[in-house]
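One-letter residues, chain by chain:
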Amino acid sequence: QVQLVESGGGLVQAGGSLRLSCAASGRTFSSYGMGWFRQAPGKEREFVATITWNGAVTRYADSVKGRFTISRDNAKNTVYLQMNSLKPDDTAVYYCAAGPPGITLYTGTYDYWGQGTQVTVSS
């Protein structure tokens, strides 16, 4: 069992930056691949970024590539999402998720989810 708690969301102007954190409970954090997803009002939850269990491989949605960076610290049981050059279209609730140890882009393959943190980007 893994419990995930996101933090770091907030209101930021377009062009600004935020860093999201996702703290995990449990001793097996390092065995999970981790992902970030987001859901805007009236839209389906969509993939943002994922990282393998050891941090060696990452993958990003085209919409955030070059602006967002996913990373993890297994010693701290934490995964991060550094978001730069934010745009109003990035406004959403951001969720972290734990799943298979490799690269996984699909919501259905993740086993555990956090409650989400709101990110609002003003124009």
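Here's a quick rundown of the structure. Since the structure is predicted, the reported quantities are computational estimates derived from the model, not experimental observations.

**Details of the overall build of the protein**
From N to C terminus, the protein includes zero helices and eleven strands. Counting from the amino terminus, helix and strand elements in the protein follow one another as β-β-β-β-β-β-β-β-β-β-β. Compactness check: the protein gives a C-alpha radius of gyration of 13 Å against a globular reference of 14 Å for 123 residues, within 12% of the reference. Its C-alpha atoms put the protein at 40 × 25 × 25 Å along the principal axes. Sorting the 123 residues of the protein into buried and exposed places 43% on the buried side. Taking the contacts inside the protein whose residues are at least 6 apart along the sequence as the reference set, 59% of them involve residues at least 24 apart. When the accessible surface of the protein is split by element, carbon and sulfur atoms take 47% of a total near 6200 Å².

**Observations concerning the state of the cysteines**
Tallied over the full model, the rule gives one disulfide. Note on cysteine connectivity: Cys22 is disulfide-linked to Cys96, with sulfurs 1.9 Å apart. Measuring handedness by torsion sign, the sulfur bridge of Cys22 and Cys96 sits at about 45 degrees and is right-handed. With Cys22 in strand E3 (residues 18-24) and Cys96 in strand E9 (residues 92-99), this pair connects stretches of sequence that are 74 residues apart. Of the two residues, Cys22 and Cys96, both sit in the buried class.

**Let's talk about the pairing of E9**
The element E9 is largely enclosed, with a buried count of seven among its eight residues. Bridging between strand E4 (residues 33-39) and E9 involves seven bridges; their strand directions are antiparallel. Among the inter-strand pairings, Gly33 is bridged to a residue of E9, identified as Gly99. Here two bridges tie E9 to strand E10 (residues 112-113), and the two strands are oriented antiparallel to one another. Looking at E10, one finds that Ala97 is bridged to Trp113.

**Observations concerning the pairing of strand E5 (residues 46-51)**
Every regular strand shows the same layout, with side chains that alternate between the two sheet faces. The buried fraction of E5 amounts to five of the six residues, a majority that puts the element mostly inside the structure. Bridge count between E4 and E5: five bridges; the pairing is antiparallel. Across the sheet, residue Gly35 finds its bridge partner in E5, namely Thr50. A loop of six residues connects E4 with E5, the two strands running antiparallel in sequence, and Gly42 in this loop sits at a positive phi of about 80 degrees.

**A look at the environment of Gln115**
Mapped onto the secondary structure, Gln115 falls in the loop between E10 and strand E11 (117-122). Assessed through its relative accessible area of 70%, Gln115 is described here as exposed. Each C-alpha atom, one on Gln115 and one on Val5, is 6.7 Å from the other, the two residues being 110 residues apart in sequence. With residues near it in sequence (within four places) discarded, Gln115 still touches Leu4, Glu6 and Tyr95.

What counts and what doesn't
- Residues numbered from 1 in each chain as written.
- Predicted model: local features only at pLDDT ≥ 70, side-chain atom pairs only at ≥ 80, totals over all residues.
- Heavy atoms only, no water.
- Helix = DSSP H or I, 4+ residues; strand = E, 2+ residues; numbered from the N terminus.
- Rg over C-alpha atoms; globule rule 2.2 N^0.38 Å.
- Buried < 20%, exposed > 50% of the residue type's maximum accessible area, 1.4 Å probe, protein only.
- Contact = heavy atoms within 4.5 Å.
- Areas by Shrake-Rupley, 256 points an atom, 1.4 Å probe, with all protein chains shown as cover.
- Disulfide = S-S within 2.5 Å.
- Pairing = 2+ DSSP bridges.

Geometric values such as these leave the question of function open.
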